[in-house]
Amino acid sequence: MRNLVIAGAIAGAGIAGYLINQSVNQPQDPTQAVLSHVPADTVMFSGQLQPFPMKAYLQSTALTQPKSPQHLAEALQDESDPRARFFGQLMIAYMDAAGSAETFQQTFGLPDEMRSFIYTLGFIPVARYQVADPQAIWTLLDKAEQESGLSHQLRYLKGQSYRAYPLGEDGKTLDLLVTERDGWVSITLDTDFNDAAVTEMAFGLTKPAVSLADSDKLAALQKQHGFEATNISYIDHLNLVTGLTTEKGNLLAEMLGNVVKAGELDLADVRTDACRSELKGVAENWPRIVMGSRETNISAEKTHMVASAVLESKNKVFMDALNSMQGFLPEYLSQPSVFGFGLGLEADKISPALTSIWNDAMTPEYSCQPLQQMQQSMSGNNPMMLGMVTGMAQGVKGVSMSLLDYSLNTDATKPDLDSFEAIVSLSAENPANLVNLAKSMLPQLAQLELPLDGTAVDISGLLPIPPNFDVQPMLALKGKHLVLYTGDKGAAVADQLKTTAPVANGLLSLSVDYQKAMAPMIPMLQMSADPELADDIALLQGLDLRLKLDLGPNPQGVELLTEFDMKVPQEVETAAR
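Residues numbered from 1 in each chain as written. Predicted model: local features only at pLDDT ≥ 70, side-chain atom pairs only at ≥ 80, totals over all residues. Heavy atoms only, no water.

Student: Summarise the overall build of the chain; cite the residues concerned and give the values.
Tutor: Helix and strand counts for the chain come out as 22 helices and 19 strands. Out of the 577 residues belonging to the chain, those deemed buried represent 46%. The contacts in the chain between residues at least 6 apart in sequence include a share of 68% that link residues at least 24 apart. A total accessible area of about 28,400 Å² is found for the chain, and carbon and sulfur atoms account for 56% of it. (Helix = DSSP H or I, 4+ residues; strand = E, 2+ residues; numbered from the N terminus. Buried < 20%, exposed > 50% of the residue type's maximum accessible area, 1.4 Å probe, protein only. Contact = heavy atoms within 4.5 Å. Areas by Shrake-Rupley, 256 points an atom, 1.4 Å probe, with all protein chains shown as cover.)

Listed below in structure tokens is the structure:
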């Protein structure tokens, strides 16, 4: 089962790369038709409101290793549960098809461009997507049934046929439902706690009283967050609180009520007048998590996306504190490198900022029991004590590092580090004071003298560097920055910092270039005697992927900005020609 979970995570990453491209615009007829079946008060929604270039996306992100791992197939042979075998066979089909855009489209019956939607009806998930060849889905499922021993039941609802795959146990209903109608595949669940009306809505046979098509919610979110017309997804905390704290406030509330009546859930603590009011107030301060695209460029050769996920916040105390803590992230974190990491924090502001957040959370006199328990758990963690720690880092505004380049010498019996170009920078109001503080605490640094003019000092003798590593670490004061670097590229970046003021511009940045990171290691991995690594090495060798994450406040709340750039592997591109 462990291998099945790992395989599921790999497939989930590929699916997530696709779903990140969903967005909002003036809806066209197919979109409007689907939205008319989505309740306006749904807790979760993710919708492809314009056709997504599926074929081009698959071509630019196709895996170079088209076969599923052998250990996955072996694990399925040892698996006795037909449900696990069923989903494992689907996973194998997914991975086997992933090496070719054409094969993937044929296997799953996908068109060159498509729309898709994922949302909830109460707590029942629904997925609906367009297909060009519906028979491909039934062929795929038939094969999985034959290989696993899990059989479906053919059922009908308002004249619509669908398959029901039993997943429950101990006499409890949990069925996976699959149907196709007018070029749309619908996938959902059936449980003991929802009725046929929910399934009818999931299949697009009936409509809710008020739907997203009747609301301007999607357009308003797109405008509020400045997303381009390629993606909109959200989790609505207000609707979630309504479902938890009321009996009939929305469909989620009614379904949870059924679970309570069955003795499977106890919501007595939150379904009180106090919790309805107080949790609603909390949700109004943190209304939604919203996701969308800021930039999308997909072709057969390359996929480039910039996606935003925002935790909306109307809590002024929290946002003011978060903005005050922002520190400095240097420009070199945005430049091409193997790996980059930056933490921008104004050390002098950390303790007062966290204290203001803590005081704000502790001020309300809650009557709702879960909120009372939250305050009690926080009461013994007053962040004012952090001042004693951050006082030693007075004036610090951030620390960053970047591995600019490296290479390995694999000719020798034992691989050596051939070159290593990197930089670590500590930005502060007066970095020289921090050096003097370190010298007073660490005897080995007592004789260290750093010129204020920026001249670098070789500190090879202070670091435990293996003799077979050709690395010369240099330490220097460059204006408002204490820098430790190696190599010519490191020296060039360090010199650029000399005239750079450490202004507050971010909280966290992380980047990685998988091809640059793995390329020097491929020859060493290929020399491995372990044949089980062969498939993984082939995959890594063709992975031309760059990923960058930036976390920080924006006018709407706390934003995680993700930049994804992937090119078709060279050998795949050559073969396609």
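So much for the structure itself; the text now carries on.
Student: An account of unusual backbone geometry is needed here, citing residue identities and associated values.
Tutor: The phi dihedral of K158 is positive, around 50 degrees, even though this residue is not glycine. Here K158 is to be found in the loop between strand 4 (153–157) and strand 5 (160–166).

Student: Explain the state of the cysteines to me, using residue names and the numbers behind them.
Tutor: The full count for this structure, using the stated rule, is one disulfide. Put simply, C275 and C368 are joined by a disulfide, and their sulfur atoms are 1.9 Å apart. Of note, the bridge from C275 to C368 carries an S-S torsion of about 90 degrees and is right-handed in sense. Here C368 lies in the loop between helix 14 (347–362) and helix 15 (369–379) and C275 lies in helix 12 (residues 273–285), a separation of 93 residues in the sequence. For the pair formed by C275 and C368, the shared burial category is buried. (Disulfide = S-S within 2.5 Å.)

Student: Hey, could you go over the pattern of salt bridges for me, with residue numbers and the actual values?
Tutor: Counting across every chain of the model gives 23 salt bridges. One salt bridge in this structure joins R163 and E145, with 3.2 Å as the shortest N-O distance. Residue R163 is located in strand 5, and its partner E145 is located in helix 7 (residues 134–148); the two are separated by 18 residues in the primary sequence. E145 matches R163 in its accessibility class, with the two residues each being buried. Notably, a salt bridge pairs D236 with K217, separated by 2.6 Å at the nearest N-O pair. Placement of the pair is D236 in strand 8 (residues 232–236) and K217 in helix 9 (residues 217–225), with a sequence separation of 19 residues. Each member of the pair, D236 as well as K217, is classed as buried. Overlapping salt bridges, with partners in common, bring together K302, D513, D544, R546 and D565 in one network. (Salt bridge = Lys/Arg side-chain N within 4 Å of Asp/Glu carboxyl O.)

Student: How would you sum up a nonpolar patch on the surface? Please name residues and give values.
Tutor: A contiguous nonpolar patch, built from F339, L343, V399, M401, V424 and L510 and spanning about 390 Å² of accessible area, is present on the exposed surface. Of all the elements in the fold, those that place two or more residues in the nonpolar patch are strand 11 (339–343) and strand 12 (396–409). Positionally, V424 belongs in strand 13 (residues 416–428). (Patch = residues over 30% accessible without salt bridge, like charges linked within 9 Å, V, L, I, M, F, W, Y side chains within 5 Å.)

Student: Give me the lowdown on the packing of helix 13 (residues 316–325) against helix 14, citing residues and values where you can.
Tutor: The N-to-C vectors of helix 13 and helix 14 enclose an angle of 170 degrees; their axes lie 9 Å apart at closest approach. By the criterion of interaxial angle, the relationship of helix 13 to helix 14 is roughly antiparallel. In contact with V317, F318, A321, S324 and M325 of helix 13, helix 14 contributes K349, I350, A353, L354, S356, I357 and D360. Looking at side-chain class alone, the contact of helix 13 with helix 14 contains eight nonpolar, two polar and two charged residues. (Axes fitted to C-alpha atoms, helices over the stretch in contact; angles between N-to-C directions. Parallel < 35°, antiparallel > 145°, perpendicular 65-115°, else oblique. Nonpolar A, V, L, I, M, F, W, Y, C, P; charged D, E, K, R; others polar.)

Student: Tell me what's going on with the packing of helix 10 (residues 237–245) against helix 11 (residues 251–261), and back it up with residues and numbers.
Tutor: Packing of helix 10 against helix 11 brings their axes to within 7 Å, and their N-to-C directions diverge by 35 degrees. For the pair helix 10 and helix 11, the sense of crossing is right-handed. Listed contacts from helix 11 to N239, L240, T242, G243 and L244 of helix 10 are L252, A253 and L256. Across the contact of helix 10 with helix 11, the residue classes break down as five nonpolar, three polar and no charged. (Left-handed = near helix turned anticlockwise from the far one by under 90°.)

Student: I'd like to hear about the pairing of strand 18 (residues 544–554), residue by residue, with values.
Tutor: The sheet contact formed by strand 17 (residues 508–513) and strand 18 spans six bridges and is antiparallel. Residue L508 lies in a different strand from strand 18, and its bridge partner there is L551. Note that strand 18 and strand 19 (residues 557–567) share 11 bridges and pair antiparallel. By the bridge assignment for strand 19, P553 is matched with V558. The turn joining strand 18 and strand 19, which pair antiparallel and follow one another in sequence, is formed by two residues. (Pairing = 2+ DSSP bridges.)

Student: Quick rundown of the pairing of strand 10 (residues 302–312)? Include the residues and the values.
Tutor: In terms of burial, strand 10 is a largely internal element, eight of the 11 residues being buried. Relative to strand 10, strand 9 (residues 288–298) runs antiparallel, the two being bridged by nine bridges. Paired with N297 across the two strands is H304, which belongs to strand 10. The hairpin formed by strand 9 and strand 10 contains three residues between the paired strands. Across 11 bridges, the pairing between strand 10 and strand 19 is antiparallel. Its bridge partner lying in strand 19, A309 is registered against L560.

Student: Help me get a handle on the confidence of the model for the chain, residues and values and all.
Tutor: Confidence along the chain averages 88 in pLDDT terms, with 87% of residues attaining 70 or more. Every residue in residues 1–28 scores below 50 in pLDDT, and together they form 72 contacts with partners more than four places removed in sequence or on other chains. (pLDDT = per-residue confidence, 0-100.)

Student: Report on helix 12, specifying residues and quantitative values.
Tutor: For an α-helix the count is 3.6 residues per turn, leaving residues at separations of three or four pointing the same way. Under the 1.5 Å per step criterion, the end-to-end length of helix 12 is 19 Å for 13 residues, consistent within 8% with the ideal 18 Å. For helix 12, the complete set of buried residues consists of C275, E278, L279 and A283. Taken down its axis, helix 12 places every buried residue within 140 degrees of arc, on the same side. Against the buried residues of helix 12 lie helix 10 and helix 15. (Expected span 1.5 Å × (residues − 1). Arc of directions from axis to C-beta.)

Student: Would you mind going over helix 7 in detail, with residue names and values included?
Tutor: In this model, helix 7 (15 residues) spans 22 Å end to end at C-alpha, consistent with the 21 Å of a helix rising 1.5 Å per residue. All of the buried residues along helix 7 are A136, I137, W138, L140, L141, A144, E145 and S148. Structurally, helix 7 contributes buried residues whose contacts are with helix 5 (82–97), helix 6 (101–108), strand 3 (124–130), strand 5, strand 6 (174–181) and strand 7 (184–191). G149, located one to two residues past helix 7, shows a positive phi value of around 90 degrees.

Student: Got a sec to walk through the packing of aromatic side chains? Specific residues and values, please.
Tutor: As enumerated under the stated definition, the model contains 11 aromatic pairs in all. Consider the rings of Y94 and F104, whose centres lie 5.5 Å apart with planes at 80 degrees: the pair is edge-to-face. Taken together, the residues span a long stretch of sequence, with Y94 in helix 5 and F104 in helix 6 at a distance of 10 residues. Residue Y94 is classed as buried on the basis of its relative accessible area of 18%. One aromatic cluster is present, built from ring pairs that chain together F45, F117, W184 and Y234. (Phe/Tyr/Trp six-rings, centres within 6.5 Å; stacked < 30°, edge-to-face > 60°.)

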